[in-house]
Amino acid sequence: MTSNLRNKIVVSGIRSTGKLHLGNYHGALKQWLSMQDKYTCFFFAADLHGLTTNYATAGDIPVNTRTMVEDWLAAGLDHENCCIFVQSDVPEHSELHLLFSMFTPLSWLERIPTYKDQQAKLSDKDLSTYGFLGYPLLQAADVLLYNADLVPVGEDQLAHLELVRKIARRFNFLYGNSPSFEAEINTIMDSIDKKQAKKLRTLKRDYQQKGLSVALENATRLTANLGLEQGMQDSLCSYVAGTGKTIINLPEPLLSVTPKLPGTDGQKMSKSYNNTIALTEAEPDVRKKIKSMPTDPARVKRTDPGEPSKCPVWELHKVYANSEIKDWVINGCRTAKIGCIDCKSVLADSIVKEQAPIIERSKDYRDNPIVDKILSKGAERARDTATTTLRKLKLVMHSRDN
Ligand code: SF4
């Protein structure tokens, strides 16, 4: 099972806009740690994405990037097991982003739900820039350069991945319907039984003209039983679907089950909202930040009962606490047997306990030249794949008119 999964490519990045925080750790890094032994993984520090919202303080990004990678290594990411690199060390990301921008309709970007939402939330920054609007295209380049099979995402990022898939489909449609594709289909059709070829043509008509999705399903079944190699089967299915030859693979989501971690103000934890607790935050600061968190507004006085489901502190307990502590919080809160200060103090204990070994290991990586070597080796490996993909994509784009 695991050896099959090793053939699957996973690509994921974290924006380098500051120290790694608990939201990144539970939302992404913990998943990376569990995936690095199973899949072929490309993990990158997204410093170009950091610029989309932090272009005015661009000078901080190299330091943030370096610190974040040190935190990854301290948390257990193993560079022997996965490819770790910095996005801007692989310039192919920028070039593919530019090429994708040529054929992506503006409305696709404007319709991304987080676009307006983030602009409103980050009203202190001027985000009416092309870079901010176009960052989902950079995400598409990040993923498609490595022929990703799987992309780890949370529910809230599904729309972004769907856009990545739409861009791949559009690319295949624009550059896969070349005369050479038609010639390839004719050759395959000539090599199979005439009745089956006729049936495929009928199914194509049913699907493309009558919109019968069952026709595509039947075509997929039929092609699988023709004894053809996988590439030919794919080409026949693309012919029936009218999407052109599959030049770019469509990645699938690897859905994260991790809940959104609230930040110290109760909103989603995010560097953009300045409400984070760093993975390597000093203990007194962790305690201070937890102490300042909002709670269920109904608990005005210590004697007022509360409801954990209305409290962001509980959301963090759900991630950190064992069942005994969870029962203690639920019962104590609802009956007012515990106060919010006790409840927060227990939460801070759990966070500090998990952080301690990571903080200890992180000391080994601070300013250690080994980190530079790891990143340079990672960039070299990533570029091997990225240059090959980009060359292939540019070739089909330029050969369309040939
Ligand atoms: S007791 Fe805990 S869960 Fe209940 S309101 Fe206070 S902090 Fe929130």
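Going along each chain's sequence as written, the residues are numbered from 1 onward. Local features in this predicted model are restricted to residues whose pLDDT is 70 or higher, and side-chain atom pairs enter the listing and the counts only when it is 80 or higher, whereas totals over whole chains, interfaces and linings include all residues. Think of the side-chain values as coming from all heavy atoms in the structure, minus any hydrogens and water.

Asks: Go over the site of the ligand, please, and point to the residues and values.
Replies: Residues are classed as near a molecule or strand on a simple rule: at least one heavy atom within 4 Å of it. Taken together, T295, D296, R299, C311, V313, V329, C333, C340 and C343 form the complete shell of residues around the ligand. For the shell around the ligand, the class distribution of residues is 6 nonpolar, 1 polar and 2 charged. Residues are grouped as follows: Ala, Val, Leu, Ile, Met, Phe, Trp, Tyr, Cys and Pro are nonpolar; Asp, Glu, Lys and Arg are charged; all remaining types, including Gly, are polar.

Asks: Could you give an account of the nonpolar core, naming the residues involved and the relevant values?
Replies: Here, nonpolar core refers to any group of buried Ala, Val, Leu, Ile, Met, Phe, Trp, Tyr and Cys residues whose side-chain atoms link them within 4.5 Å. Buried residues are those whose accessible area, probed at 1.4 Å on protein chains only, stays under 20% of the maximum for their type, while exposed residues exceed 50% and partly exposed ones sit between those limits. Counting 50 residues, the largest nonpolar core has W32, W72 and I290 as its most contacted members. Here, two residues are considered to be in contact whenever any of their heavy atoms come within 4.5 Å of each other. In contact with W72, other than residues within four places in its own chain, are I14, L20, L29, W32, F43, F44, A45, L77 and I84. Among the nonpolar cores identified, the runner-up in size contains 48 residues, and F44, I112, L163 and F171 belong to it.

Asks: Help me get a handle on the environment of V86, residues and values and all.
Replies: Topologically, V86 is positioned in strand 3 (residues 83-86). In this view, V86 contacts A45, D47, T65 and L375; residues no more than four positions away in its chain are not counted. Each helix corresponds to a stretch of at least 4 residues labelled H or I by DSSP, and each strand to a stretch of at least 2 residues labelled E; elements are numbered beginning at the N terminus.

Asks: Lay out the packing of helix 2 (residues 22-35) against helix 18 (residues 340-365) in plain terms, naming residues and giving numbers.
Replies: Helix packing geometry: the angle between the two helix axes and the distance between the axes. In the contact formed by helix 2 and helix 18, the axes pass within 13 Å of each other and the chain directions differ by 65°. Classed by the angle they form, the pair helix 2 and helix 18 counts as roughly perpendicular. Read as a crossing pair, helix 2 and helix 18 show a hand that is left-handed. On helix 18, the residues touching L22, Y25, H26 and K30 of helix 2 are I351, E354, Q355 and I358. Of the residues assigned to the contact of helix 2 with helix 18, the class counts are 4 nonpolar, 2 polar and 2 charged. Axis definition: a line fitted to C-alpha atoms, limited for helices to the stretch in contact. Angles are taken between N-to-C directions and run from 0 to 180 degrees. Orientation is classified from the angle alone, with under 35 degrees giving roughly parallel, over 145 giving roughly antiparallel, 65 to 115 giving roughly perpendicular, and any other angle giving oblique. By definition, turning the near helix anticlockwise from the far helix through less than a right angle yields a left-handed crossing, and turning it clockwise yields a right-handed one.

Asks: I'd love a proper account of helix 12 (residues 194-210), names of residues and values included.
Replies: With 17 residues, helix 12 should cover 24 Å at 1.5 Å per step; its first-to-last C-alpha distance of 23 Å lies within 8% of that length. Of the surrounding secondary structure, the elements contacted by the buried residues of helix 12 are helix 11 (179-191), helix 13 (213-224) and helix 14 (230-241). With a side-chain oxygen lying 3.0 Å from the backbone nitrogen of K195, the N-terminal cap of helix 12 falls on D193. Working rule for helices: expected span equals 1.5 Å times residues minus one. Counted as a polar contact is a pair of N or O atoms within 3.5 Å, where, for protein atoms, one must be capable of donating a hydrogen and the other of accepting one, and residues adjacent in sequence contribute only when both atoms are in side chains.

Asks: Quick one: what's the story with helix 13, residue by residue and with numbers?
Replies: In a regular helix each residue adds 1.5 Å, so 12 residues correspond to 16 Å; helix 13 covers 17 Å between its end C-alpha atoms and thus fits that length. Taken together, the buried positions of helix 13 are occupied by A215, A219, L222 and T223. Viewed end-on, helix 13 has its buried residues packed into an arc of 90°, placing them on one side of the element. Along its buried surface, helix 13 packs onto helix 12 and helix 14. Note that the arc is computed from the directions linking the helix axis to the C-beta atoms.

Asks: Report on the side chain of D71, specifying residues and quantitative values.
Replies: Structurally, D71 is set in helix 4 (residues 61-75). With sequence-adjacent residues up to four places away left out, D71 is seen in contact with L20, T280 and R366.

Asks: Give a detailed account of the pattern of salt bridges, specifying residues and quantitative values.
Replies: For salt bridges, the criterion is a side-chain nitrogen of Lys or Arg within 4 Å of an Asp or Glu carboxyl oxygen. Per the counting criterion, the structure on display carries 17 salt bridges. Here R366 makes a salt bridge to E70, at a shortest N to O gap of 2.6 Å. One end of the pair, R366, is in the loop between helix 18 and helix 19 (369-399); the other, E70, is in helix 4, with 296 residues separating them in the sequence. Judged by its relative accessible area of 4%, E70 falls in the buried class. A salt bridge links K289 to E281, with the nearest nitrogen and oxygen atoms 3.1 Å apart. You can call E281 buried: its relative accessible area is 13%. When salt bridges with common partners are traced through the structure, they connect R66, E70, D71, R366 and D372 into a single cluster.

Asks: Tell me about the pairing of strand 3, residues and numbers included.
Replies: What you see with strand 3 is no split at all: C83 and F85 on one side and I84 and V86 on the other are buried throughout. At least two DSSP bridges between two strands are required for those strands to pair. Alignment of strand 2 (residues 40-46) against strand 3, held across 4 bridges, turns out to be parallel. Paired with A45 across the two strands is V86, which belongs to strand 3.

Asks: Residues and numbers for the packing of aromatic side chains, please.
Replies: Whether two aromatic rings pair depends on their centres lying within 6.5 Å, for rings of Phe, Tyr and Trp, where Trp uses its six-membered ring; planes under 30 degrees apart make the pair stacked, over 60 edge-to-face, and the rest tilted. With the rule as written, the count across this model stands at 11 aromatic pairs. Measuring from ring centre to ring centre gives 5.9 Å for F100 and F103, while their planes differ by 70°; the resulting arrangement is edge-to-face. Each of the two residues, F100 as well as F103, counts as buried. Through a chain of ring-to-ring contacts, the aromatic side chains of F42, F44, F85 and Y146 assemble into a single cluster. In this scheme, Lys NZ or Arg CZ marks a charge over a ring once it lies within 6 Å of the ring centre and within 35 degrees of the ring normal. When the ring centre of W108 is taken as origin, the NZ or CZ atom of K166, which lies over that ring, is 4.5 Å away. The ring of F42 carries R381 above its face, with NZ or CZ at 5.6 Å from the centroid.

Asks: Before we move on, could you go through unusual backbone geometry and cite the residues and values that matter?
Replies: Even without a glycine there, the phi angle at A336 is positive, about 60°. Relative to the helices and strands, A336 is located in the loop between helix 17 (323-334) and helix 18. Although it is not a glycine, D367 adopts a positive phi angle of roughly 60°. Mapped onto the secondary structure, D367 falls in the loop between helix 18 and helix 19.

Asks: Tell me about the confidence of the model for the chain, residues and numbers included.
Replies: pLDDT gives the predictor's per-residue confidence on a scale running from 0 to 100. Across the chain, pLDDT averages 90, with 98% of residues at or above 70. Element-level mean pLDDT values for the chain span from 71 in helix 1 (residues 2-6) up to 98 in strand 3.

Asks: Before we move on, can you summarise the state of the cysteines with the specific residues and values?
Replies: To count as a disulfide, a pair of cysteine sulfur atoms needs to be within 2.5 Å. Counted according to the given criterion, the structure contains 0 disulfides. Of all cysteine sulfurs in the structure, the one in C82 sits closest to C41, which takes part in no disulfide; the separation is 6.2 Å. On the accessibility criterion, C41 (1% relative accessible area) is buried.

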